[in-house]
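Structural overview for review
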Amino acid sequence: MSAPPIPKLPGYNVCLPQSLSDKGFKKGQTLSYINGYQREETISVVKDLPEHIAQATDGALASPGATLSASMLAPDAASKLPQWVENDRKVLRFYGYFKESVVESNMENHRIRKVILYYYLEDDSMHVAEPRQDNSGIPQGVFIKRHRVTREDGGFFSPADFGVGATVTIYGRTFFIVDADTFTREFMADKAGKEQPPAIPYPDDPVDGYRTAFGMNRGRADDASAGTLTRRMNDFKAYVEARLGKPSHLLDGDRLRQFLENNKKVLRYWCVWDERNSMYGDRRPYVLHYFLEDDTVEILEINESNSGRDPFPVFLKRGPLPKVPVKTNTTLNPRYRKDQCYGPGDFRLGTFITVLGRDFFLHDADTFTKVWYKDNMGYGDEELTPVDIKEPILPKPRAALPPYNGYGTLEDSLQNCLSLVPKPPKRDLHKLMNKDKIILRFVVRMVDTESHKHSNTDLARRFILSYFMMDDSLLIFEPPVRNTGIAGGKFLERQRIYKPRSEEIYTYLDLYVGSVIEVFNRSFELLEADEYTLTYMENYRDIFVMADTDVMIRSVKAQVTGKEDAVRAALIAADKAGAGALGGEDLEAGLLAAGLKFTRHQAISLKRRLDKNKTGTISIEEFLGLLGI
């Protein structure tokens, strides 16, 4: 007679050495690292244990409830990663059902409830979930929470306990497994060596057979499976109720059937309401929802960004939408018959519907709505084509600015017209940073005009005009000259100067030697420019056209065509000394005598280009060769 097994209580566990010949009674190390992960090794088993001791410890070392975990399925489990790493996110999924008895219904004596069993390989836990069914009236969802489930014999469930066609008893409830997913079938075949049979169909639910036999299957009214007796009884019931005085609005179709058939089915239209013909009216977009389950309508307003409107989305609360005029002098909400309210057949793209006296234009619908109309109403693609409601964007009208009155600067006066609280005019920071300290200086003098005549003293005065590139401002300074009786100094404060009878200012394009500008009814002619100004303009001749000698040469060549001899004769006549070279003023005089048109600044730039030796003269032959004469 063998000794009873040692109970599994603290202090009763037996820890024996690997071999009885081993005198080192050390506790074996079970924790190791594989690929950087912790792994717990299995407990060592004594090899040459005596027979009477092996019988006494048989219950402790070999538990009858031992299970086959996921990590033991592989033959080389000792060389693999830990179970929670190797089987991370690997879940076995089985489909099944269980039978629930029903004792208080004449329609069924039991009910088939479908479930899904999930087995997590990483920690050998599992949970059972029941898919939710609409309008079932049964609390569904997680049926058994995730944990390690014990079998009836006391051990834990393992993958070997599951399979298609098997039955599993969990906490007194028997589950029938009918199918498994693809990953589960491959895992069971590769690891456990169990090929899974084909899927088994679910058994019929008794309540479905009862409803089919008696026409209570909640199908469509023209469904062939609906019982003839039931349809006839429903018609006779409606007839008797109408004879007995039942209100007509309560004699509609089967509301419950309509709800069960069309639950969560909503037709959605996009529409617009245009009331711009009335005072303060606007054109606003809306979305219309028609609920097929109870024939109700709601209208929501689409909130557009920067529309200036408060976000009140509900324009019309959900309810029946009447087609007939609504009486507003009643204190009670009237009830309308079904034929007096809008239905699915009343909504068509490109038409108007009346919403409590307001005309809404339907222009588009979503994909589900179009498919529903094709399947149930027989609409074609041309009837479901969206209508383009986009309107051309008109240019924003600019406010007419009053004419400049001459007070202050134009920018300051303009700010009073643009905003109620004037703001300082914005300055061009790019010019302020890059054109700082760039000043163009010219020698100017006053000239007579038809409206203003000057004395000889004023005509003999000379001024320095400074143009500041950073802000397009002008400054005129008069150098003091002794014994003239005129005190020199600042003639014009630095400011922007506007052209006569215009709102444009003088810029660098208007300033070159030979040009005339008008400053507060006084005309000034630019006589000379300093060396810095001429050099700066020649370096940027793509901007300063008058300093571009290539442009002048092309212009002179075009003018010389056909009168080459006259030009040659005029240049030779200008050479009074007979040296074969001309100074800058003589060259300018000779070209003018030949009838050529150009500016003094162009002549100065040409002289600076041709006088490479800085002698002050230009060879006539070299100049004629440049012109191709």
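Residues numbered from 1 in each chain as written. Predicted model: local features only at pLDDT ≥ 70, side-chain atom pairs only at ≥ 80, totals over all residues. Heavy atoms only, no water.

A word on a nonpolar patch on the surface
Stated precisely, the cut-off is as follows: Within this analysis, patches are made of residues with over 30% relative accessible area and no salt bridge. Like charges are joined at 9 Å or less; nonpolar side chains (Val, Leu, Ile, Met, Phe, Trp, Tyr) at 5 Å or less. Computed by Shrake-Rupley with a 1.4 Å probe, the accessible areas treat only the displayed protein chains as cover when residues are assessed. Here, a salt bridge means any side-chain nitrogen of Lys or Arg that lies within 4 Å of a carboxyl oxygen of Asp or Glu. Only DSSP runs of H or I with at least four residues qualify as helices, and only runs of E with at least two residues qualify as strands; both kinds are numbered from the N terminus onward. Three labels apply to residues, based on accessible area from a 1.4 Å probe with only protein chains included: buried if under 20% of the type maximum, exposed if over 50%, partly exposed otherwise in between.
On the surface, a nonpolar cluster with roughly 320 Å² of combined accessible area is contributed by Tyr239, Val240 and Leu244. You can see valine 240 is positioned in helix H6 (residues 228–243). Classification of valine 240 as partly exposed rests on a relative accessible area of 30%.

Quick look at helix H12 (residues 531–539)
Where we set the bar: Any two residues having at least one pair of non-hydrogen atoms within 4.5 Å are treated as being in contact.
Turning to H12, its buried residues are Thr533, Leu534, Tyr536, Met537 and Glu538. Of the surrounding elements, those touching the buried residues of H12 are strand S15 (439–447), strand S20 (522–529) and helix H16 (600–610).

Some details on empty space enclosed by the protein
The gaps left among the atoms become clear once a water-sized probe is rolled over them. For clarity, the threshold we go by: A cavity here means a set of points on a 1 Å grid, drawn over the protein atoms and nothing else, where a 1.4 Å probe fits but cannot get out; a pocket is an open set with protein on both sides within 12 Å along at least five of seven lines, and a residue lines either one if it has an atom within 4 Å of a point. Grid points are joined across faces, edges and corners, and a volume is the space filled by probe spheres set on the points. Classification convention: Asp, Glu, Lys, Arg as charged; Ala, Val, Leu, Ile, Met, Phe, Trp, Tyr, Cys, Pro as nonpolar; all other residues, Gly among them, as polar.
Applying the stated criterion to the full structure yields one cavity of 30 Å³ or more. Taken as a whole, the largest cavity holds about 30 Å³ of empty space. Around the largest cavity, the lining residues are Tyr269, Phe347, Arg348, Leu349, Tyr373, Tyr379, Glu383 and Leu384. Each residue belonging to the lining of the largest cavity can be placed in one class, and the counts come to six nonpolar, no polar and two charged.

As for the sheet that holds strand S14 (residues 358–365)
Where strands meet in a sheet, backbone hydrogen bonds hold them as pairs that are either parallel or antiparallel. Using the following cut-off: Paired strands, in this sense, are two strands between which DSSP finds at least two bridges. The axes used here are C-alpha line fits, helices contributing only the stretch in contact, and every angle between their N-to-C directions lies in the interval 0 to 180 degrees.
Pairing is antiparallel in the open sheet, where six strands are placed in the order S12-S11-S10-S9-S14-S13. The open sheet terminates on both sides in strands that have one partner only, identified here as strand S12 (314–319) and strand S13 (352–355). Neighbour-to-neighbour, the strand axes of this sheet turn through a mean angle of 35 degrees, independent of strand direction. One ladder, built from four bridges, connects strand S9 (residues 266–274) with S14; its direction is antiparallel. Its bridge partner lying in S14, tryptophan 270 is registered against aspartate 364. Seen against the sheet, helix H8 (residues 367–376) touches S9 and S14 and runs at an angle of roughly 115 degrees to S9.

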